[in-house]
Amino acid sequence: MNDPIDATSPVPDGPGPAPSADAPTRPGALLHVDHVSKVYGSGHTAVTALDDATMAVDQGEFVALLGPSGSGKTTLISIIGGLLSATSGTVRIGDVDVTALSRRELTRFRAERVGFVFQSANLVPFLTARENLLYVATLVKTPKKAAQQRADQLLEELGLADRAKNLPEQLSGGERQRVAIGRALMNDPDLVLVDEPTAALDTALGRQVVQLLRREIKDRGKTGIMVTHDLRMVEYTDRVFEILDGHLTHVEEPSALKH
Ligand SMILES: Nc1ncnc2c1ncn2[C@@H]1O[C@H](COP(=O)(O)OP(=O)(O)OP(=O)(O)O)[C@@H](O)[C@H]1O
Ligand SMILES: [Mg+2]
């Protein structure tokens, strides 16, 4: 089979004025994270996983969130996507204050506007690749025919048309990640959040998955945040944020990052 993945060249820098992590009202930004902290537990067992994080990401940008194990990456994107509540601070996506939504509103908001790709793909094991995509469409009540067309188109774009009827256990690691990308895009979200999509893949396959992710995000005008601890994946993104011990900074010169 021909490899459907093209080598989209990375864009050296995002549009607009000089980017700053500390820009809670950045014009044109889809996402604003404003002074967000997260403390797990309490008393002497309390862990500050995120300390006063502020960032803004533009509509159409694909940014990297880089940091070592335990630095707070998953915590941050879980708060951004409304899977976890912040201890303090606010997250806005478009004109919605995610941190102010009720549980019920959050469930709906997540299904409609946010797509997640988890580290371990997290597919439903007893559903085929195609059914994993169709399932999330039922959460937002997409008419069946439209959902089927969309699922088939995504599977085609992701090079999975001939794997549509396979269960996750009958797919390779890279194929599973591609199904997870399709699932994340299924409901046409504004924001795509990706947690270490390449952790279980070798470098070549990891690059393919990230290139594909970039292409889908750019072609569809989505905004994407990709968590990674792999510097080699950073080149496929527009801007880089670094997180160390819960402290978030914007990296002004990604080329200065050391391998
Ligand atoms: N539910 C929890 N309860 C207590 N501490 C937690 C919890 N979840 C995470 N932590 C702690 O918060 C810190 C940040 O965790 P997080 O999962 O955000 O890190 P990460 O950067 O995603 O790491 P990795 O690269 O290993 O996935 C770590 O010190 C971790 O031990
Ligand atoms: Mg993590």
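Residues numbered from 1 in each chain as written. Chains lettered and ligands numbered in written order. Predicted model: local features only at pLDDT ≥ 70, side-chain atom pairs only at ≥ 80, totals over all residues.

A.B. asks: If you had to explain the site of ligand 1 to someone new, which residues and values would you point to?
C.D. replies: Lining the immediate surroundings of ligand 1 are 13 residues, of which Y40, A49, S69, T74 and T75 lie closest. Those elements that place two or more of their residues in the shell around ligand 1 are strand 2 (47-58) and helix 1 (73-80). When residues of the shell around ligand 1 are assigned to their parent elements, the largest contribution, three residues, is made by helix 1. (Near = placed C-beta within 6 Å. Helix = DSSP H or I, 4+ residues; strand = E, 2+ residues; numbered from the N terminus.)

A.B. asks: I'd like a rundown of the sheet that holds strand 1 (residues 29-40), residues and numbers included.
C.D. replies: Spatially, 2-1-4-5 is the arrangement adopted by the four strands of the open sheet, whose pairing is antiparallel. In this open sheet, the two strands that pair with only one neighbour each are strand 2 and strand 5 (96-97). As defined by bridge partners, strand 1 adjoins strand 2 across eight bridges and the pair is classed as antiparallel. If you follow V39 over to strand 2, its bridge partner there is T48. (Pairing = 2+ DSSP bridges.)

A.B. asks: Any details on unusual backbone geometry? Residues and values, ideally.
C.D. replies: At N122, a position not held by glycine, the phi torsion is positive, near 55°. For N122, the location among the structural elements is in the loop between strand 6 (114-117) and helix 3 (129-139). Of note, E196 is a non-glycine position whose phi angle comes to about 45°, a positive value. One can find E196 in the loop between strand 7 (191-195) and helix 6 (203-219).

A.B. asks: Talk me through helix 5 (residues 173-186); I want residue IDs and the actual numbers.
C.D. replies: With 14 residues, helix 5 extends 20 Å between its outermost C-alpha atoms, agreeing within 8% with the 20 Å of an ideal straight helix rising 1.5 Å per residue. With 13 of 14 residues buried, helix 5 is to be regarded as a mostly interior element. Trailing helix 5 by a residue or two, D188 shows a phi angle of about 55°, which is positive. (Expected span 1.5 Å × (residues − 1). Buried ≥ 20, exposed ≤ 12 C-beta atoms within 10 Å, placed from the backbone.)

A.B. asks: Please set out the confidence of the model for the protein chain residue by residue, giving values where relevant.
C.D. replies: Per-residue confidence for the protein chain gives a mean pLDDT of 88; residues scoring 70 or more make up 90%. Within the model, the stretch residues 1-20 combines pLDDT values under 50 with 27 contacts to residues more than four positions away or in other chains. (pLDDT = per-residue confidence, 0-100. Contact = placed C-beta atoms within 7 Å.)

A.B. asks: Explain the sheet that holds strand 10 (residues 247-251) to me, and be specific about the residues and the numbers.
C.D. replies: Taken together, the six strands give an open sheet; going across it, the order is 6-7-8-3-9-10, and neighbouring strands pair in mixed fashion. The strands lining the two open edges of the sheet, one partner per strand, are strand 6 and strand 10. Sheet twist, expressed as the average angle between the axes of neighbouring strands with direction ignored, equals 20°. Bridging between strand 9 (residues 239-244) and strand 10 involves five bridges; their strand directions are antiparallel. Within strand 10, the residue paired with V240 across the bridge is V251. Its contacts with the sheet put helix 1 on strand 3 (62-66), strand 7, strand 8 (223-228) and strand 9, and the angle it makes with strand 8 is roughly 155°. (Axes fitted to C-alpha atoms, helices over the stretch in contact; angles between N-to-C directions.)

A.B. asks: Could you give an account of the packing of helix 5 against helix 6, with specific residues and numbers?
C.D. replies: Packed helix pairs are characterised by how far apart their axes lie and by the angle those axes make with each other. Where helix 5 contacts helix 6, the two axes come as close as 10 Å, and the packing angle between them is 15°. The angle between the axes of helix 5 and helix 6 places the two elements in the roughly parallel class. Our pair here, helix 5 against helix 6, has a crossing hand that is right-handed. For the pair helix 5 and helix 6, contact is made by G174, Q177, R178, I181 and L185 and by L205, Q208, V209, L212, L213 and E216, respectively. Taken together, the residues that form the contact of helix 5 with helix 6 break down as six nonpolar, three polar and two charged. (Parallel < 35°, antiparallel > 145°, perpendicular 65-115°, else oblique. Left-handed = near helix turned anticlockwise from the far one by under 90°. Nonpolar A, V, L, I, M, F, W, Y, C, P; charged D, E, K, R; others polar.)

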